[in-house]
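Structural features, examined
Each chain is listed here by its residues.
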Amino acid sequence: MIYLAIGFVLGISLFIFEENVVDSFGYYAAIIVIVVIGVSILWLPFAIMLVAAEIKSKFKPKKKPVPPPVKNCFFSTYSIKEIERNHLVEDPLKACPKLPFGFLNDKWKRFSAHLSSDSLVLFERYDGKGNITRGYAEVLPDLSVKCFVFELE
């Protein structure tokens with residue numbers, strides 16, 4: 001861009017002044033002074049626009065990123081006894097207790113103690129980034145949900 005401004009000012013100054021001057025050093029000195037002044041004048045609005053754009057971008061409210069669509073998959077319902085039987089941990093190294101959900105058994109017991117029905121829905125939640133959340137949910141009559149998450153991938 002600066003080359004265009006220099007060329008523009010140089011072209012205009014060469015058009016206005018012709019090389020009729022005997023002293024070529026004075027001629028070229030006058031051209032250089034005109035080019036410097038002309039470029040300075042042309043760059044002033046451009047510099048003001050750049051500074052104004054930078055200031056405007058600092059105070060412009062940032063757009064919040066749109067989260068990816070969330071897909072929830074609800075599967076069939078299971079009784080508490082079926083859930084505990086299906087999630088009984090069988091650790092051959094005996095590092096995890098042989099209980100439903102293993103180390104999460106205390107949380108499972110607290111969750112299942114406050115349920116109003118015996119059947120829960122198995123669910124998976126995909127967040128669009130490759131993360132999967134699995135758990136069981138109880139859908140209450142007012143359509144609120146109590147959840148127990150047992151797996152995050």
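Above this note sits the structure.
Residues numbered from 1 in each chain as written. Predicted model: local features only at pLDDT ≥ 70, side-chain atom pairs only at ≥ 80, totals over all residues. Heavy atoms only, no water.

1. Let's talk about the pattern of salt bridges
Counted according to the given criterion, the structure contains four salt bridges. Here E90 ties to K98 by a salt bridge, and the two come within 3.5 Å at their closest N and O atoms. The closest approach of N and O atoms between E151 and R134, which form a salt bridge, is 3.2 Å. Remark: R134 occurs in strand β3 (residues 132–139) and E151 occurs in strand β4 (residues 145–152); sequence separation between them is 17 residues. (Salt bridge = Lys/Arg side-chain N within 4 Å of Asp/Glu carboxyl O. Helix = DSSP H or I, 4+ residues; strand = E, 2+ residues; numbered from the N terminus.)

2. What about the nonpolar core?
Membership of the largest hydrophobic core is limited to 11 residues, which are I80, I83, F101, W108, F111, L115, L120, L122, Y136, F148 and F150. Breaking this core down by element, the ones donating at least two residues are α3 (80–86), α4 (105–113), β2 (119–126) and β4. Not counting residues within four places of it along the chain, the set of residues in contact with L120 comprises S76, T77, Y78, I83, W108, F111, L115, Y136, A137 and E138. (Core = buried A, V, L, I, M, F, W, Y, C linked by side-chain atoms within 4.5 Å. Buried < 20%, exposed > 50% of the residue type's maximum accessible area, 1.4 Å probe, protein only. Contact = heavy atoms within 4.5 Å.)

3. Some points on the pairing of β3
Side-chain direction in a regular strand flips from residue to residue, so the side chains alternate between the two faces of the sheet. Within β3, seven of the eight residues are buried, which leaves it mostly tucked inside the rest of the structure. Summarising the sheet, β2 and β3 pair through six bridges and their orientation is antiparallel. Each residue of the ladder has a partner; that of Y126, found in β3, is I132. Connecting the antiparallel pair β2 and β3 is a turn made up of five residues, with G128 showing a positive phi of about 85 degrees. Counting the residues in the hairpin turn of β3 and β4 gives five residues, including L143, whose phi is positive at 70 degrees. (Pairing = 2+ DSSP bridges.)

4. Observations regarding the side chain of E124
One can find E124 in strand β2. Reaching out from E124, the side chain makes a polar contact with the side chain of Y126 at a distance of 2.4 Å. Reaching out from E124, the side chain makes a polar contact with the side chain of R134 at a distance of 2.7 Å. (Polar contact = N/O pair within 3.5 Å; in protein donor to acceptor, adjacent residues only side chain to side chain.)

5. A closer look at the side chain of E138
When you line up the elements, E138 lands in strand β3. Among buried Asp, Glu, Lys and Arg side chains, E138 stands out as unpaired, with K146 the closest opposite charge at 4.2 Å. In terms of polar contacts, E138 uses its side chain to reach the backbone amide nitrogen of S117, at 3.0 Å. If we ignore the near neighbours within four places in the chain, the residues touching E138 are L115, S116, S117, L120, S144, V145 and K146. (Lys, Arg positive; Asp, Glu negative; His and termini not counted.)

6. A short note on unusual backbone geometry
Keep in mind that most residues, glycine aside, have a negative phi and that most peptide bonds are trans. Positioned with a positive phi, K94 is a non-glycine residue whose angle comes to about 60 degrees. Looking at the element boundaries, K94 is found in the loop between α3 and α4. A relative accessible area of 70% places K94 in the exposed class. A positive phi is found at F101, a non-glycine position, where the angle reads about 65 degrees. By the secondary structure assignment, F101 is in the loop between α3 and α4.

7. Topic: the packing of aromatic side chains
Within this structure, the stated rule accounts for 10 aromatic pairs. Centre to centre, the rings of Y78 and Y136 are 6.4 Å apart; their planes meet at 90 degrees, and the pair counts as edge-to-face. Here the residue Y78 occupies a position in strand β1 (residues 71–79), and Y136 occupies one in strand β3, the gap between them amounting to 58 residues. A residue is classified by how much of its surface remains accessible, and Y136, at 3% relative accessible area, is buried. Members of the aromatic cluster, each reached through a chain of ring pairs, are Y78, F101, W108, F111, Y136, F148 and F150. (Phe/Tyr/Trp six-rings, centres within 6.5 Å; stacked < 30°, edge-to-face > 60°.)

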